Amino acid sequence: MLSLRRSEELFNEVSKIVPGGVHSGIRYREPFPIYFSRAYRAKIWDIDGNEYVDCVTNMGACILGHNYKKVVDAVKAQIEYGLTCGIDTELSFKVSKMINELVPCAEMVKFSNSGTEAVAHALQIVKGYTGKKKVLKMEGCYHGWYDQVFVSYNPKVKNDNYKPIPDTNGLADELVKNTIVVPYNNLDIVEKAVKENKDELAAVTVEPVAYNMGCVLPKKDYLKGLREITNKFSIPLIFDEVITGFRLAPGGAQEYYGIKPDIATFAKAIANGFPLSVVVGIKEIMKITNPKNGNVSYGGLYNGNQISLAAASVTLKELANGNVQIELDKKGRFLEKEFNLLAKDMRIYARMQSLAGKFQVYFTDKEVINYRDAIKSNQDLYLAFVNEVIKNRVLFLPKLLFHHGVCYAHSKDDLNKILSAIGKGLKRVKEMRL
Ligand SMILES: Cc1ncc(COP(=O)(O)O)c(C=O)c1O
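Residues numbered from 1 in each chain as written. Predicted model: local features only at pLDDT ≥ 70, side-chain atom pairs only at ≥ 80, totals over all residues. Heavy atoms only, no water.

**Details of the sheet that holds strand 3 (residues 51–54)**
Sheet strands line up and pair through hydrogen bonds in the backbone, either parallel or antiparallel.
Argument step 1. One open sheet accounts for four strands, arranged 1-2-3-13; its pairing is mixed. Every interior strand has two partners, whereas the edge strands, strand 1 (36–40) and strand 13 (394–395), have only one. (Pairing = 2+ DSSP bridges. Helix = DSSP H or I, 4+ residues; strand = E, 2+ residues; numbered from the N terminus.)

Here it is as structure tokens:
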């Protein structure tokens, strides 16, 4: 049995002063969140002392594994210099240059701290550059909580239309109204929407792999099609590579699929869990953030903070030759193959979809290619499955469309533990179905 007594006690105290007991909604779980004390490589320990094989890995940020020695050593050494933030240094240049050399569209580079911030900067930049206000996004893609794109990420859909639906109260109506929503993996609808709105459209933005729907892959030529449509109407194309960045390939999804956007945003894997994000893009657009003569202001005290840059300089070096990415993909595909065989043997309608070490389990019988397919995954079965997996000491999140994953540090033994827990989860689902 998994005892979570201390987590429950802490929750009872914490929730008096922290709404829901967590500082980011995704960490919430019924009946109470699990609180953690320590992590090492692919393992994480909760405050009750339970050890889990971690398939959350800080939402994919810890690509190399927790407490990766070279990264931690670089951070410790950097702390000794006494520099934190609010300045630029040779290290700022060094990491900018690494990104410039790795990422195909990164002719110019600007740091920020979180994925949301990078996206907000990117949108301000394209709006400043084009003088237009509308942004087109795909239903089910998440780009952080900035008003214009925190729309139709996880909507309750009732009919066939794709009107923008805010994901929270409190968004600026003006921004929401200027968001156009279309389904992922459907070029005809994108083309029609771009054509109709071309005079007001500042950008088309997309997660190249829709991991925020779990793990939804772009159809063959989908990204190429987006590039052709945006080129045809002279609209900037933004790849939100906050998850795909440095993970699919050293140069991200744009390298993996061979499609170069105009602007891209990166975070997560860039610094193996330390807070750093970056907006990159073609010189023609990015140059407008030059404080000397550009017309888009770009600021932030913590932009390019030295601790995260030290982490990034080592992380990017580890990721630069592409070996880590190959390993991650192999591990993910191994789990995918084994899971799908198991589900078939047990005659359960369930599938795992995977790419680049990220994966998601759907309780549905057909391939998931967009948001509306993804939400057909059976929620009750999914929750029962995840709870059983957690009970068997493999950390999953009970969120229907979460992107689970493995990191470089997951060993063969860890993968076998994941498979064993997954088997028990499927058995639980089978019992529910009987
Ligand atoms: C694709 C994508 N963009 C943006 C964000 C926002 O990043 P952050 O949570 O660092 O603000 C996320 C976060 O999960 C993301 O997955």
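Structure shown, so let's carry the discussion forward.
**Comments concerning the site of the ligand**
Argument step 1. Contacts to the ligand come from Ser-114, Gly-115, Thr-116, Tyr-142, His-143, Gly-144, Glu-207, Asn-212, Asp-240, Val-242, Ile-243 and Lys-268.
Argument step 2. One nitrogen or oxygen atom from the side chain of Asn-212 is found 2.9 Å from an oxygen atom belonging to the ligand.
Argument step 3. Contact distances for the ligand include 2.6 Å between an oxygen atom and a side-chain N or O atom of Lys-268.
Argument step 4. With the chains in place, 82% of the 390 Å² that the ligand exposes on its own is no longer accessible.
Argument step 5. Residues that form the shell around the ligand fall into these classes: three nonpolar, six polar and three charged. (Near = heavy atom within 4 Å. Polar contact = N/O pair within 3.5 Å; in protein donor to acceptor, adjacent residues only side chain to side chain. Areas by Shrake-Rupley, 256 points an atom, 1.4 Å probe, with all protein chains shown as cover. Nonpolar A, V, L, I, M, F, W, Y, C, P; charged D, E, K, R; others polar.)

**Details of a nonpolar patch on the surface**
Argument step 1. A cluster of nonpolar residues, Tyr-81, Leu-83 and Ile-87, forms a patch on the protein surface that exposes about 300 Å² of accessible area.
Argument step 2. Checked against the element boundaries, Leu-83 lands in the loop between helix 2 (69–81) and helix 3 (90–102).
Argument step 3. Given the relative accessible area of 36%, Leu-83 is considered partly exposed. (Patch = residues over 30% accessible without salt bridge, like charges linked within 9 Å, V, L, I, M, F, W, Y side chains within 5 Å. Salt bridge = Lys/Arg side-chain N within 4 Å of Asp/Glu carboxyl O. Buried < 20%, exposed > 50% of the residue type's maximum accessible area, 1.4 Å probe, protein only.)

**Examining the packing of aromatic side chains**
Aromatic rings in a pair are described by how distant their centres are and how their planes are angled relative to each other.
Argument step 1. Taken as a whole, this structure holds 10 aromatic pairs when the rule is applied.
Argument step 2. Pairing Tyr-142 with Phe-150 gives two aromatic rings, centres 6.0 Å apart and planes at 70 degrees, and the pair type is edge-to-face.
Argument step 3. Seen from their ring centres, Phe-363 and Phe-385 are 5.5 Å apart, and the 65 degrees between their planes marks the pair as edge-to-face. Of the two residues, Phe-363 is situated in the loop between strand 12 (358–362) and helix 12 (371–374) and Phe-385 in helix 13 (residues 379–391); the sequence distance between them amounts to 22 residues.
Argument step 4. Put simply, the rings of Phe-339, Phe-359, Phe-363, Phe-385 and Phe-396 touch in pairs and so form one group of aromatic residues.
Argument step 5. Here the basic side chain of Arg-38 rests over the ring of Trp-45, its NZ or CZ set 3.9 Å away from the ring centre.
Argument step 6. Just above the ring of Phe-334 sits the side chain of Lys-412; from NZ or CZ to the centre is 4.1 Å. (Phe/Tyr/Trp six-rings, centres within 6.5 Å; stacked < 30°, edge-to-face > 60°. Lys NZ or Arg CZ within 6 Å of the ring centre and 35° of its normal.)

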